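A look at the structure
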Amino acid sequence: AQRVTQPEKLLSVFKGAPVELKCNYSYSGSPELFWYVQYSRQRLQLLLRHISRESIKGFTADLNKGETSFHLKKPFAQEEDSAMYYCALSQIISSGSARQLTFGSGTQLTVLP
Amino acid sequence: NAGVTQTPKFQVLKTGQSMTLQCAQDMNHEYMSWYRQDPGMGLRLIHYSVGAGITDQGEVPNGYNVSRSTTEDFPLRLLSAAPSQTSVYFCATNRAGGYGEQFFGPGTRLTVL
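Residues numbered from 1 in each chain as written. Chains lettered and ligands numbered in written order. Predicted model: local features only at pLDDT ≥ 70, side-chain atom pairs only at ≥ 80, totals over all residues. Heavy atoms only, no water.

1. Things to note about the overall build of chain A
The secondary structure content of chain A amounts to zero helices and 11 strands. For chain A, the α and β elements follow one another from N to C terminus as β-β-β-β-β-β-β-β-β-β-β. Taking 13 Å as the expected radius of gyration for a compact globule of 113 residues, we find that chain A reaches 14 Å, a close match to that expectation. With the principal axes as the frame, chain A shows a C-alpha extent of 50 × 30 × 25 Å. Burial analysis of chain A (113 residues in total) assigns 49% to the buried set. Put simply, 58% of the contacts in chain A that link residues at least 6 apart link residues at least 24 apart. Entry remark: accessible area of chain A is about 5,700 Å², with carbon and sulfur atoms responsible for 50%. If the 13 positive side-chain charges of chain A are averaged to one point and the 9 negative ones to another, these points end up 5 Å apart. (Helix = DSSP H or I, 4+ residues; strand = E, 2+ residues; numbered from the N terminus. Rg over C-alpha atoms; globule rule 2.2 N^0.38 Å. Buried < 20%, exposed > 50% of the residue type's maximum accessible area, 1.4 Å probe, protein only. Contact = heavy atoms within 4.5 Å. Areas by Shrake-Rupley, 256 points an atom, 1.4 Å probe, with all protein chains shown as cover. Lys, Arg positive; Asp, Glu negative; His and termini not counted. Charge placed at Lys NZ, Arg CZ, Asp CG, Glu CD.)

Structure below.
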């Protein structure tokens, strides 16, 4: 079955330190992976997707098919990065007519001053 | 453009009561979905719709009904509320087929006593 695992519920780092939020997935097809972020009292929003290979707010994520991972990284964390981060896998639904997202359980990142 | 809107923002129900959570979008997206967000469990798909007149079940559909009579609206009905349905509910939209970025509403926080 398709599954997204985020092993850390909580992660704290100091400002300026590197941060890595882990995401592992299981999927039999070709995965399409995303990171979504939810800042306090705001709605979920897309942070980045693997096929665009871009850096948003200093974050990057590389798809490693061998390790089935899509870890989110930032070299120098900022206090405004404090938020809940969700890894998500887009998979084709059973009828084949569309795709749907499966989310991980989320990691709450706190960047300390 | 308002994007994805949800009403109400907060609701308290007694066990056994019914209610409808409203979701509307002005993005002309075909695909709409409902999630519930629970601590430690991430977002779980309740129901989704690939277009007007078409709905299907997600991961946790029991106790919920949906309909999609227009492209813009996708209401979620709780038939007989239970304390286990206490959660935050998010509506989301995609372009046709559920491909790419999902756009989320602000959420409805529901408490069932």
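2. Topic: the pattern of salt bridges
Residues and elements named next belong to chain A. In the structure shown here, the tally under the stated rule is six salt bridges over all chains. Notably, a salt bridge pairs K73 with E20, separated by 3.7 Å at the nearest N-O pair. Taken together, the residues span a long stretch of sequence, with K73 in strand 8 (residues 72-74) and E20 in strand 3 (residues 19-21) at a distance of 53 residues. You can call K73 partly exposed: its relative accessible area is 40%. Residues joined by salt bridges that share partners form a network here, namely E20, K22 and K73. (Salt bridge = Lys/Arg side-chain N within 4 Å of Asp/Glu carboxyl O.)

3. Description of the interface of chain B and chain A
Counting residues at the interface gives 21 residues for chain B and 19 residues for chain A. Carbon and sulfur atoms supply 55% of the area buried between chain B and chain A, which totals about 1,700 Å² over both sides. Connecting chain B to chain A are zero salt bridges. Summed over the shared surface of chain B and chain A, the number is five residue pairs in polar contact (both at pLDDT 80 or more). Looking at the side of chain B that touches chain A, the elements with two or more residues in it are strand 4 (31-38) and strand 5 (42-51) of chain B. Here the element with the most residues in the side of chain B that touches chain A is strand 5 of chain B; it accounts for five residues. A per-class count over the side of chain B that touches chain A returns 12 nonpolar, eight polar and one charged. (Buried area = accessible area lost by both parts, 1.4 Å probe. Polar contact = N/O pair within 3.5 Å; in protein donor to acceptor, adjacent residues only side chain to side chain. Nonpolar A, V, L, I, M, F, W, Y, C, P; charged D, E, K, R; others polar.)

4. A few points about the pairing of strand 2 (residues 10-14) of chain A
Residues and elements named next belong to chain A. Residues L11 and V13 point to one face of strand 2 and are all buried, whereas L10, S12 and F14, pointing to the other face, are not buried. Note that strand 2 and strand 11 (residues 107-112) share five bridges and pair parallel. Across the sheet, L10 pairs through a bridge with Q108, a residue of strand 11. (Pairing = 2+ DSSP bridges.)

5. Quick look at the side chain of B:T71
Residues and elements named next belong to chain B. Locating T71 in the fold gives a position in the loop between strand 7 (64-66) and strand 8 (76-78). Residue class for T71 comes out buried when judged on its relative accessible area of 18%. Those residues in contact with T71 that sit more than four places away from it in its chain are Q25, N28, H29, M32 and A52.

6. Regarding the state of the cysteines
Think of a disulfide as a covalent bridge from one cysteine sulfur atom to another cysteine sulfur atom. Residues and elements named next belong to chain A. Using the criterion set out here, one finds two disulfides over all chains in the structure. Sulfur-sulfur distance for the disulfide between C23 and C87 comes to 2.0 Å. Its S-S torsion of about -65 degrees marks the bond between C23 and C87 as left-handed, since a negative value means left-handed. Here C87 lies in strand 9 (residues 83-92) and C23 lies in the loop between strand 3 and strand 4 (24-26), a separation of 64 residues in the sequence. Both residues of the pair, C23 and C87, belong to the buried class. (Disulfide = S-S within 2.5 Å.)

7. Points about unusual backbone geometry
A cis amide bond, omega -10 degrees, links B:T7 with the succeeding residue B:P8. The phi dihedral of A:R41 falls on the positive side, at around 65 degrees, and the residue is not glycine. Take A:R41: it is sitting in the loop between strand 5 (32-38) and strand 6 (45-49). Its relative accessible area of 83% is what places A:R41 among the exposed residues.

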